[in-house]
Amino acid sequence: MEFRHLGRSGLMVSEISYGNWLTHGSQVEEDAAKQCVQAALDEGITTFDTADVYAGTKAEEVLGRALKGVRRESLEIFTKVYWPTGPGKNDRGLSRKHITESIHGSLRRLQTDYVDLYQAHRFDAETPLEETLKTFDDLVRQGKVLYVGVSEWTADQIARALKIADEMGFDRIVSNQPQYSALWRVIESEIVPLCEQEGVGQIVWSPIGQGVLTGKYLPGQQPPEGSRATDKSGSAMIARFMNDDVLTRVQELKPIAADLGLSMAQLAIAWVLQNPNVSSAIVGASRPEQVRDNVKAAGVKLEADVLKRIDDVLGSAVERDPAKTQSPPSRP
Ligand SMILES: NC(=O)c1ccc[n+]([C@@H]2O[C@H](COP(=O)([O-])OP(=O)(O)OC[C@H]3O[C@@H](n4cnc5c(N)ncnc54)[C@H](OP(=O)(O)O)[C@@H]3O)[C@@H](O)[C@H]2O)c1
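Cut-offs applied
- Residues numbered from 1 in each chain as written.
- Predicted model: local features only at pLDDT ≥ 70, side-chain atom pairs only at ≥ 80, totals over all residues.
- Heavy atoms only, no water.
- Helix = DSSP H or I, 4+ residues; strand = E, 2+ residues; numbered from the N terminus.
- Rg over C-alpha atoms; globule rule 2.2 N^0.38 Å.
- Buried < 20%, exposed > 50% of the residue type's maximum accessible area, 1.4 Å probe, protein only.
- Contact = heavy atoms within 4.5 Å.
- Areas by Shrake-Rupley, 256 points an atom, 1.4 Å probe, with all protein chains shown as cover.
- Lys, Arg positive; Asp, Glu negative; His and termini not counted.
- Charge placed at Lys NZ, Arg CZ, Asp CG, Glu CD.
- Pairing = 2+ DSSP bridges.
- Axes fitted to C-alpha atoms, helices over the stretch in contact; angles between N-to-C directions.
- Near = heavy atom within 4 Å.
- Polar contact = N/O pair within 3.5 Å; in protein donor to acceptor, adjacent residues only side chain to side chain.
- Parallel < 35°, antiparallel > 145°, perpendicular 65-115°, else oblique.
- Left-handed = near helix turned anticlockwise from the far one by under 90°.
- Nonpolar A, V, L, I, M, F, W, Y, C, P; charged D, E, K, R; others polar.

## Thoughts on the overall build of the chain
(1) Moving on: Helix and strand content of the chain: twelve helices and ten strands.
(2) Moving on: Taken over the C-alpha trace, the chain has a radius of gyration of 19 Å; the compact-globule value for 332 residues is 20 Å, and the two agree within 12%.
(3) Moving on: Expressed along its principal axes, the backbone C-alpha trace of the chain runs to roughly 50 × 40 × 35 Å.
(4) Moving on: Relative to its full complement of 332 residues, the chain shows a buried share of 55%.
(5) Moving on: Across the chain, the fraction of contacts at a sequence separation of at least 24, relative to all contacts at a separation of at least 6, is 80%.
(6) Moving on: A total accessible area of about 13500 Å² is found for the chain, and carbon and sulfur atoms account for 50% of it.
(7) Moving on: Averaging the positions of the 38 positive and the 46 negative side-chain charges in the chain gives two centres separated by 3 Å.

This is the structure we're talking about:
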């Protein structure tokens, strides 16, 4: 495993981290979840990403149990707050009340005294940014949270948060967690340049396009049984990539991966890691073999001619519109 700084902070994270959205507490059984976490640890992954909302809070419990007994100092545990965790008006968003209640729930479920990174899972248009940032800063001072980050915030939202933090002396955001893959490059034109300048690192999600970039989904054919595209909660999110144009182009990446002696998943993960603003690629896995395949992308260098071949193949299937970075206009 290779390690990178999380943005300009002193925290080191594994280049490849393990995330448990849609898997722990839902798609996969607890035994398989534990095996995936054990495979991640065996392969040198130290960074684990979850959220209060995953599987209706069950994902944090599964991760907490799976990591039990591992030396806490050897792990970086990331979680998030924003999406609803209960039926009440205050069970969502980034108010002082919800953030404070949510971190207590997360720490209890994860069986830890602190999380290494606490992330605002989206921007909350209904809470003053100062209230959110002050609450995060208080959690840092209380030692419950070591670093603060955001997820899917626009460049403008990140810039405003950094300005407030600098003016008020609050702890600064060190990371952003956006979707980023060879197929989804919407952060490149605005967010990455700002974040490079400000020392904010990207911890990117769905680097394999939720499995699409493995090439296992064939154009004109039913998805393989047991894959995310057949899962009841996963199929809606993956749908944007499940069309014949994208799937045909992805098949044409196979010779590129083969020439490099890489699996398709390794090529996809290596692709996001070529961007120096990326601190870590968060991969998901429903089986331990996938973890073992995926980690081999760490440290792989892709030359300019390879990147050009990938661009030529994916062509107009690549999404680049910065306006695709969005949070709900009001709390969900
Ligand atoms: N901040 C956010 O809003 C946000 C949103 C989404 C995700 N995330 C984070 O990012 C993490 C990763 O997201 P993701 O799970 O969508 O990422 P991904 O790595 O692009 O997709 C993972 C899925 O692809 C399939 N797969 C992975 N490796 C494979 C391999 N070697 N061969 C074949 N299939 C393979 C598996 O699904 P099947 O086996 O079921 O097909 C696996 O669950 C999440 O767990 C979460 O921590 C954050």
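## Topic: the sheet that holds strand β5 (residues 76-81)
(1) Moving on: Around the barrel, eight strands lie side by side as β3-β4-β5-β6-β7-β8-β9-β10; this closed barrel has parallel pairing. Strand-to-strand twist of the sheet, defined as the mean angle between neighbouring strand axes without regard to direction, takes the value 30°.
(2) Moving on: Here strand β7 (residues 145-150) pairs with strand β8 (residues 173-176) via three bridges, running parallel. Across the sheet, glycine 149 pairs through a bridge with serine 175, a residue of β8.
(3) Moving on: Running over the sheet, helix α4 (residues 129-142) touches β5, β6 (115-120) and β7 and is turned about 155° from β7.

## Regarding the site of the ligand
(1) Moving on: Neighbouring the ligand are 33 residues; Asp49, Ser206, Lys216, Arg228 and Ser286 lie closest to it.
(2) Moving on: A distance of 3.0 Å separates an oxygen atom of the ligand from a polar backbone atom of isoleucine 208.
(3) Moving on: Protein chains shield 96% of the accessible area of the ligand, which is 910 Å² for the free molecule.
(4) Moving on: The set of elements that each furnish at least two residues to the shell around the ligand consists of β10 (278-283) and α11 (288-294).

## Examining helix α10 (residues 264-273)
(1) Moving on: With ten of ten residues buried, α10 is to be regarded as a mostly interior element.
(2) Moving on: Of the positions making up α10, those classed as buried are Met264, Ala265, Gln266, Leu267, Ala268, Ile269, Ala270, Trp271, Val272 and Leu273.

## Here we look at the packing of helix α5 (residues 155-168) against helix α6 (residues 191-198)
(1) Moving on: Where α5 contacts α6, the two axes come as close as 9 Å, and the packing angle between them is 20°. Judged by the angle between their axes, α5 and α6 are roughly parallel. Of the two elements, α5 crosses α6, and the hand of that crossing is left-handed. The segment α5 lies against α6, with Ala155, Ile158, Ala159 and Leu162 engaging Ile191, Leu194, Cys195 and Glu198.
(2) Moving on: Partitioned by chemical class, the residues of the contact of α5 with α6 number seven nonpolar, no polar and one charged.

## Observations concerning unusual backbone geometry
Among all residues save glycine, negative phi is the norm, and among peptide bonds the norm is trans.
(1) Moving on: For threonine 57, which is not glycine, the phi torsion reads 80° and is therefore positive.
(2) Moving on: With respect to the element layout, threonine 57 can be found in the loop between β4 (47-49) and α2 (58-66).
(3) Moving on: With a relative accessible area of 15%, threonine 57 lands in the buried category.
(4) Moving on: Notably, glutamine 210 is not glycine yet its phi reads approximately 60°, a positive angle.
(5) Moving on: Position of glutamine 210 relative to the elements: it lies in the loop between β9 (201-205) and α7 (234-238).

## Quick notes on the environment of valine 291
(1) Moving on: Residue placement: valine 291 occurs in helix α11.
(2) Moving on: For valine 291, a relative accessible area of 2% translates into the label buried.
(3) Moving on: Remark: the alpha-carbon pair of valine 291 and alanine 120, spanning 171 residues in sequence, is separated by 26 Å.
(4) Moving on: Apart from the residues within four sequence positions on either side, valine 291 is in contact with Tyr18, Cys36, Ala39, Ala40, Ile45 and Ala285.

## Topic: the environment of aspartate 113
(1) Moving on: Along the polypeptide, aspartate 113 turns up in the loop between α3 (96-110) and β6.
(2) Moving on: For aspartate 113, a relative accessible area of 68% puts it in the exposed group.
(3) Moving on: Sequence-distant contacts of aspartate 113, defined by excluding residues within four places in its chain, comprise Leu107, Gly143 and Lys144.

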